[in-house]
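# Close look at the chain arrangement
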Amino acid sequence: MTNYHSNIPASNPFTDAGAKKLLDAADVLDAVTSSYFITNENLEIIYYNQAFIQSLGLSAPKEVEGLRPGDVLGCINTQHSNGCGTSAKCQSCSFRQSISEALKSGEKVNNEVTLTHINNKMVAYQIQATPFVLDNSKFVSISSIETTANKRKLLMESVFFHDLINLSGSLSGYLDIIQNFEPAEVMSHLPSLKGIADQLLDEIVSQRQVARAEENRLEADVNEMAMQIFIEEMKSQTSFHPSFKNRNLVVEFEQENFSFYSDNRLLSRVLINMLKNATEATAKGNTVTLSIKKENDEILFAVHNKEFIAPEIQENIFNYGFSTKGAGRGLGTYGMRLLGENLLGGKVSFLSTPGIGTTFYLILPVIHPNTPLEHYSF
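Here's what I pulled together on the structure shown here. (Residues numbered from 1 in each chain as written. Predicted model: local features only at pLDDT ≥ 70, side-chain atom pairs only at ≥ 80, totals over all residues. Heavy atoms only, no water.)

A word on the sheet that holds strand β3 (residues 109-116). The antiparallel open sheet is built from five strands, whose spatial order is β2-β1-β5-β4-β3. Of all strands in the sheet, those bounded by a partner on one side alone are β2 (45-48) and β3. Here the strands of the sheet are splayed against their neighbours by 30° on average, with no regard to which way each runs. Here strand β4 (residues 122-134) pairs with strand β5 (residues 137-146) via ten bridges, running antiparallel. Following the sheet pairing, L134 is matched in β5 by S137. Helix α4 (residues 94-105) rests against β1 (35-39), β3, β4 and β5 of the sheet, and its axis sits at about 155° to β3. (Pairing = 2+ DSSP bridges. Helix = DSSP H or I, 4+ residues; strand = E, 2+ residues; numbered from the N terminus. Axes fitted to C-alpha atoms, helices over the stretch in contact; angles between N-to-C directions. Contact = heavy atoms within 4.5 Å.)

As structure tokens, this is what we get:
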């Protein structure tokens, strides 16, 4: 079982009369099919029904008492903090905000909330937070229904159709323009047309990869790769992409060409997404740098541009569906972490500093964890 952070040991917050009132309602609440729990003013769980425990797959339900929602639900922000509510990102958490709003206003709050699980996957809930007072203390009852599948479907369709319409429109418009050109002139435009068609195919493959990774239906296809060849192939894939137009892409090696073991298509996907994000945020004429450094048994990829990301945006960078580009544009960074960590065995992060800019990092093992032993020599 996951080791969650506990803040205050669980204790009965009621008088005997108050506790009896709650216990009298327990059988009714356990009959409710949606997950249901109650928190005190500190957002610590002091009661839960069987549906809530069963949804978590817990074998020792008592371990929930005294914990906060993010600790119990496995929110990724609890991994490198002292638990739910102690990370900087917790201030923008819609789950916590809904409960706090109910406590403050004394009114019922209905909200759709999402969090990223410790396995890098998005989990969505439709929650209702209802405040009440018992024994002169404030509490909030939270009923929740998981809506992950529906949320994923709606957003994936939004992103998928947005990208396909844009690229198909570009291809159709291009063909309209050149249809009356002389054959020799048409031939000169074929590389650009192929570039758009390749982008169209790439977007379809990208959406399918993320969807399969979400459903645990995608596995890394590990092979030996030469870094120099891999980078040249990746640069070729980006040569006709509009995001890279009028921007300078510089690749820096700190070592001679070397071999490593990974999945070519997934690694290309993660790095190209990093490069696309960097170039789209970079003014025309400016430079985006991809640096590669091998240290012992790890490879560090770093994509840098000169733009600074505002703190309120940084807090949401890897959230499912969040994007500075508008509604339905938030699978890029989410996909980076999902593919880069869950399937490539690496670590995805970023650092953004005023006056210096933003760098996205991907740290990979030189030898992928799933590499068959016969594929390499010691």
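Sheet architecture is open: five strands sit in the order β7-β9-β10-β12-β11, paired in mixed fashion. The open sheet has two edge strands with one neighbour each: β7 (248-253) and β11 (347-353). Shown here is a sheet whose adjacent strand axes are inclined to one another by a mean of 15°, direction ignored. Here β7 pairs with strand β9 (residues 287-295) via six bridges, running parallel.

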